[in-house]
Amino acid sequence: MPDQDLTWTAEIHQVRSRLRFPLRATFRWSSRDPLCVEVTFHPPGGRDVTWVIGRDLLDRGLRTLAGTGEVRVRPSAGPGREGQVLLRLGAVPPYALFALDRAALASWLERTWAAVPAGAEAERLDWAFFEGLLADR
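Fair warning: this is a prediction, and the values are worked out from it, not measured in the lab. For every chain, the first residue of the written sequence is number 1, and numbering continues from 1 along that sequence. Reporting in this predicted model follows two pLDDT cut-offs: at least 70 for local features of residues, and 80 or more for side-chain atom pairs to be given and counted; totals over whole chains, interfaces and linings ignore these cut-offs and use all residues. The basis for the side-chain values is all heavy atoms of the structure; hydrogens and waters are excluded.

A.B. asks: I keep staring at the overall build of the protein and nothing clicks. Help me out?
C.D. replies: The secondary structure listing takes helices from DSSP runs of H or I that are at least 4 residues long and strands from runs of E that are at least 2 residues long, numbered from the N terminus. Secondary structure assignment for the protein yields three helices and seven strands. Starting at the N terminus and walking to the C terminus, you meet the elements of the protein as β-β-β-β-α-β-β-β-α-α. Note on exposure labels: buried denotes an accessible area under 20% of the residue type's maximum, exposed denotes more than 50%, and partly exposed covers the range between, all computed with a 1.4 Å probe on protein chains only. A buried classification covers 37% of the 137 residues belonging to the protein. Any two residues having at least one pair of non-hydrogen atoms within 4.5 Å are treated as being in contact. In the protein, the share of contacts with a sequence separation of at least 24, taken over all contacts with a separation of at least 6, comes to 34%.

Here you go:
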């Protein structure tokens, strides 16, 4: 199966108190590392910031509160047919909180699941890399 890279750039909103600030974010997924999604935030006038988030965590967050510690995702009421997803980054206040379109995220994640279905991720991992880590211990 050939490698696939899927990218989705979206306008999201950083939520601060009751104010929302528009922001671009790029979601990147690769079949070479199918368990993870890189999310790069592009703040206006600032430096890009990238977080690596589990694909399954983003998927669970479409339906219910998911995650502990640094990353939490949950559905929320909001504009659009299916509402929004809230993505919280950081373990202690002040958290970074972002709102994004739930239907658009779900659609993009479906494309990643079509490329590498749930349960098939282990077939795509570079096990030699992990074996090398263990051999160094």
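A.B. asks: Would you mind going over the environment of Arg 55 with me for this structure?
C.D. replies: Locating Arg 55 in the fold gives a position in helix H1 (residues 55-60). Between the C-alpha atom of Arg 55 and that of Pro 34, which follows or precedes it by 21 residues, the distance is 7.6 Å. Any N or O atom pair separated by 3.5 Å or less is treated as a polar contact, with the protein-specific requirement of one donor-capable and one acceptor-capable atom, and with residues adjacent in sequence counted only for side-chain atom pairs. Reaching out from Arg 55, the side chain makes a polar contact with the backbone oxygen of Pro 34 at a distance of 3.2 Å. Among the polar contacts listed, one links the side chain of Arg 55 to the backbone oxygen of Val 116, at a separation of 3.0 Å.

A.B. asks: Would you explain the nonpolar core in this entry?
C.D. replies: In a soluble, globular protein the nonpolar side chains are often hidden away together inside. For this analysis, a nonpolar core means a set of buried residues of the types Ala, Val, Leu, Ile, Met, Phe, Trp, Tyr and Cys, connected via side-chain atoms within 4.5 Å. In terms of nonpolar packing, the biggest core is built from 29 residues, with Phe 27, Phe 41, Leu 87, Leu 105 and Trp 108 touching the most fellow members. Where this core is concerned, the elements lending two or more residues are strand S1 (5-16), strand S2 (19-30), strand S3 (36-42), H1, strand S5 (71-76), strand S6 (84-89), strand S7 (96-101) and helix H2 (102-115). Beyond its immediate chain neighbours, meaning those up to four positions away, Leu 87 contacts Phe 41, Ile 53, Val 71, Arg 72, Val 73, Ala 96, Leu 97, Phe 98 and Leu 100.

A.B. asks: Help me understand the pattern of salt bridges in this model?
C.D. replies: Side chains carrying opposite charge are able to pair once their charged atoms draw close together. In the sections that follow, a salt bridge refers to a side-chain nitrogen of Lys or Arg positioned within 4 Å of a carboxyl oxygen of Asp or Glu. Tallied over the entire structure, the rule returns four salt bridges. With a shortest N-O distance of 3.7 Å, Arg 32 and Asp 3 are connected by a salt bridge. Of this pair, Arg 32 sits in the loop between S2 and S3 while Asp 3 sits in the segment before S1; the two residues are 29 residues apart in sequence, bridging distant segments of the chain. Across the salt bridge formed by Asp 56 and Arg 60, the nearest N and O atoms sit 3.3 Å from each other. Taken together, the residues Asp 56 and Arg 60, both in helix H1 and four residues apart, mark about one turn of the helix. Taking the relative accessible area as the measure of exposure, Arg 60 reaches 37% and is therefore partly exposed.

A.B. asks: Before we go on, may I ask you to explain the pairing of S6 in this structure?
C.D. replies: Along any regular strand, the residues point their side chains to alternate faces of the sheet. For S6, a buried count of six out of six residues is recorded, marking the element as mostly surrounded by other parts of the structure. By the alternation rule, side chains of S6 split into Gln 84, Leu 86 and Arg 88 and Val 85, Leu 87 and Leu 89, which are all buried. Across six bridges, S5 lies against S6 in antiparallel orientation. From the neighbouring strand, Ser 76 faces S6, where its bridge partner is Gln 84. DSSP bridges decide pairing: two strands pair if at least two such bridges lie between them.

A.B. asks: Whenever I open this one, the environment of Val 39 confuses me. Can you help?
C.D. replies: Locating Val 39 in the fold gives a position in strand S3. The sequence separation of Val 39 and Trp 29 amounts to ten residues, and the corresponding C-alpha distance is 9.0 Å. When neighbours within four sequence positions are excluded, Val 39 is seen to be in contact with Ala 25, Thr 26, Phe 27, Val 49, Thr 50, Trp 51 and Ile 53.

Everything listed here is a matter of geometry and, on its own, says nothing about what the molecule does.
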